[in-house]
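The primary structure of each chain is shown beneath.
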Amino acid sequence: MPLYLTDDQIMLKDMVGPMLGEEGPRHLRRLRDGHDAAGWSRELWARFGEMGLAGVLVPETAGGSGLGHVEAGIVLEAIGRNLTPSPFLATAVAGVTVLAAADDAVRGRWLPDVVTGSATIGIAVDEGAKHRPAAIALRAERSGNGFRLTGSKTFVVQGGTADLLIVAARTAGAAGEEAGITLFAVPRASEGLDVESVRLADSGMAARLAFDGVAVDADAVIGEVDGGWGLLSRMLDAGRAGAAAELVGVGGAALDLTVDYLKTRRQFGREIGTFQALQFRAAHLYSELEIARAATLKAQQMLDAEHADAPKWVAVAKAKAGQAATLAVQEGVQMHGGIGMTDEYDIGLYMKRDRVLQEWFGDAAFQADRLAVMNGF
Amino acid sequence: MAVVDEDVFRAEVRDWLEANCPAEMRAPVRGDEDLCWGGRNPTFSCPEQKVWLDRMAAKGWTVPDWPVAYGGGGLTPAETKILRAEMKAIGARSPLYSFGISMLGPALLEYGSEAQKLHYLPQIARGEIRWCQGYSEPGAGSDLASLQTRADDRGDHWLVNGQKVWTSYADKADWIFCLVRTDATEKQKGITFLLFDMASPGVTTKPILLISGSSPFCETFFDDVRVPKDQVVGAVNRGWDVAKYLLGHEREMISGMGLAAGDPSLGRTLTDIGDPGLRALVAAFDVDAYAFQAMSERFIDELKAGQAHPAQPSMMKYAGTELNKQRSELAMAAGGSDALEWDSARSNTGAAARTWLRSKGNSIEGGTSEIQLGIVAKRILALPG
């Protein structure tokens, strides 16, 4: 398969891009300045449902669009370019990947609502400030016909508004071990579950969750008891590839804003873009973003092909896209000079979003380490 | 090509390679002596090297995507990709290393006359003529178009006088493709692209000793060299167009030089990574190496589909050569004092150190990194000035 978009994929890009681009970052500003409690627009999410985007990864037989990670990435790149707050990554990409493996009961209860854009999902994995999925310590202990969950989760993106939480819990072994992890489908409105919504630097919302013996039935288990690591990894890889695509969008837009500025801002009697010191940095940035885009598409294609090397390419994509986007926003603010520090200009919004996406599902250093471990060193 | 046809072709290629690629040609390349460059007086490190070249040339697969009439395999882009993938899968060496294939051939296909294509291209495909490139001069490096080597029109021939430098393997080459000045009143528009025999009277070469201890480049002197008139490629005074086109292909080639076939991981090849600090650097490098491999794949796919930006080879050349230098630096760091040995048998006569030193030229030859960044800034990002 060639490493560029097919005609159908370009059509999708040409549909989603202008749709989100019409309002662009003003959409984010409106939510932020209105102190919107959710941090994302239900109206827009319902449109995602109507257009088949919320069900992008859901098979057509289940009411979805039956598309793949490449297509999900196209949507996410547009989201990144326009800084559009959306439940798409957590719900339609990471969440759906887990729901696909769930029993009929859980899948039947949630998937139709996800596809129509009326239900959203929160991914509850991290427990500390850094992404370390093997370190999961939240306990799920057998109790009657089900389990009781005790412990805490953090950085549950849009967890405060999520209808369903995918919770990775420890049912055996000790923190640090990949064995002994089980995934649970937990409604947010569960007794004993305390949800503290916090606003992040990019004005999006994330939740800290405290589980105090939250009771769930046995059929809340998704996949195998104690054997959830594989499914958890698939979910995280779907999220990582998606975050990489959004980062490519963030970085690409930051580059475009910056190049436009270099062409218009005049100092010393000429456009600052004529200075070689800035030209070289802009060209290097372009190169890094092109490489990140290629790595991201490669990872998406490998995921869609269910290739054995997909996890390696996902780690590469998330790391590279993160580095490239971070470079883009840093160079963007610097080359904008003083106005790059003002809230009025969008470049700073891209810097904030990049920082959140870096952390989500593991930063560049985490991914590089994973790649090294997969390569045996 | 339909998927089922691809499967049929893949099976055919696999069977043919299995039957025709000698076992010796599936072993990793150990050094320069394992590379086959062909030419009038070819040297082969073993008989199988010649067998492999002859068999691949007979199939047209030294240049799989060139037309059959010019000695190529006439394969589609998809078929060419399959052939390369199948060769990679069995570790098959490239049967022929050739500036004719990577640089002159594409320029001839684009700018050559039909007679030139029929004459030169099959010789290139079969590895019968070894070519070198006469571009840089002592006073014309990054500012290549300021070159001064002259070709004067003497009615039935050109008379060439001047000096080239950094001529790769000029002392081993049979022919040269050379930029010469045919109009001193113009800059770019006074340059002509000329082909001639290095055995012509008046051509002398002098190897340049590099920091790596080898001499892959020469100074090349032309003293009243007579060149037949029909050996101009493209129009007289329009050689700069041909040169730029060719440089694009050269940049593609150089950008891919550091890429090991298959898994690009450096960490996997190191026996002792040492401390966690070095491990982190190698891990970060590996991210870049994989990512660049994806970029190369994307670039080649886009090139074949006619979608690549014309200046994209500059970005590839820049990124690929900088990455290759970084790889060599890390390999030296991981090799520690072992990698410092220069002429011991244990170190394969200093292979690590020599490779490291040679890699420094990658971001200079074929247009420096700074030249490439300037091209990207102006032609892709459309920055002013």
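What counts, and where the lines are drawn
- Residues numbered from 1 in each chain as written.
- Chains lettered and ligands numbered in written order.
- Predicted model: local features only at pLDDT ≥ 70, side-chain atom pairs only at ≥ 80, totals over all residues.
- Heavy atoms only, no water.
- Contact = heavy atoms within 4.5 Å.
- Buried area = accessible area lost by both parts, 1.4 Å probe.
- Salt bridge = Lys/Arg side-chain N within 4 Å of Asp/Glu carboxyl O.
- Polar contact = N/O pair within 3.5 Å; in protein donor to acceptor, adjacent residues only side chain to side chain.
- Helix = DSSP H or I, 4+ residues; strand = E, 2+ residues; numbered from the N terminus.
- Nonpolar A, V, L, I, M, F, W, Y, C, P; charged D, E, K, R; others polar.
- Axes fitted to C-alpha atoms, helices over the stretch in contact; angles between N-to-C directions.
- Parallel < 35°, antiparallel > 145°, perpendicular 65-115°, else oblique.
- Left-handed = near helix turned anticlockwise from the far one by under 90°.
- Domains from an automatic or database assignment.

**What to know about the interface of chain A and chain B**
Listed per partner, the contact involves 36 residues of chain A and 41 residues of chain B. Of the roughly 3,200 Å² buried between chain A and chain B, counting both surfaces, carbon and sulfur atoms make up 67%. Taken as a group, Tyr4(A), Tyr286(A) and Phe377(A) account for 20% of the area that chain A buries against chain B, more than any other trio of residues on that side. In this assembly, chain A and chain B are joined by 5 salt bridges. Linking chain A to chain B there are 15 residue pairs in polar contact (both at pLDDT 80 or more). At the level of elements, α7 (229–264), α8 (276–304), α9 (310–336) and α11 (364–374) of chain A are the ones that each hand at least two residues to the side of chain A that touches chain B. With 13 residues, the top contributor of residues to the side of chain A that touches chain B is α8(A). Split into classes, the residues belonging to the side of chain A that touches chain B amount to 21 nonpolar, 7 polar and 8 charged.

**Section: the packing of α7(A) against α8(A)**
Angle between the axes and distance between the axes are the two parameters that describe a pair of packed helices. Residues and elements named next belong to chain A. One can describe the packing of α7 onto α8 by two numbers: an axis separation of 9 Å at closest approach and a directional angle of 155°. Taken as axis vectors, α7 and α8 run roughly antiparallel relative to one another. Crossing of α7 against α8: the hand is left-handed. Where α7 abuts α8, its residues Asp237, Ala238, Ala241, Ala244, Ala245, Val248, Gly251, Gly252, Leu255 and Leu262 lie against Leu278, Ala282, Leu285, Tyr286, Leu289, Ala292, Arg293, Thr296, Gln300 and Leu303. Each residue belonging to the contact of α7 with α8 can be placed in one class, and the counts come to 14 nonpolar, 4 polar and 2 charged.

**Considering the domain arrangement of chain A**
All names here are of chain A. Considered domain by domain, chain A is made up of domain 1 (7–120), domain 2 (122–226) and domain 3 (230–374). Of note, the centres of domain 1 and domain 3, computed from C-alpha atoms alone, are 21 Å apart. Between domain 1 and domain 3, the residue contacts involve 24 residues of the former and 31 residues of the latter. Taken together, the two surfaces of domain 1 and domain 3 that pack against each other cover about 2,100 Å², and 65% of this comes from carbon and sulfur. The interface formed by domain 1 and domain 3 holds 5 salt bridges in total.

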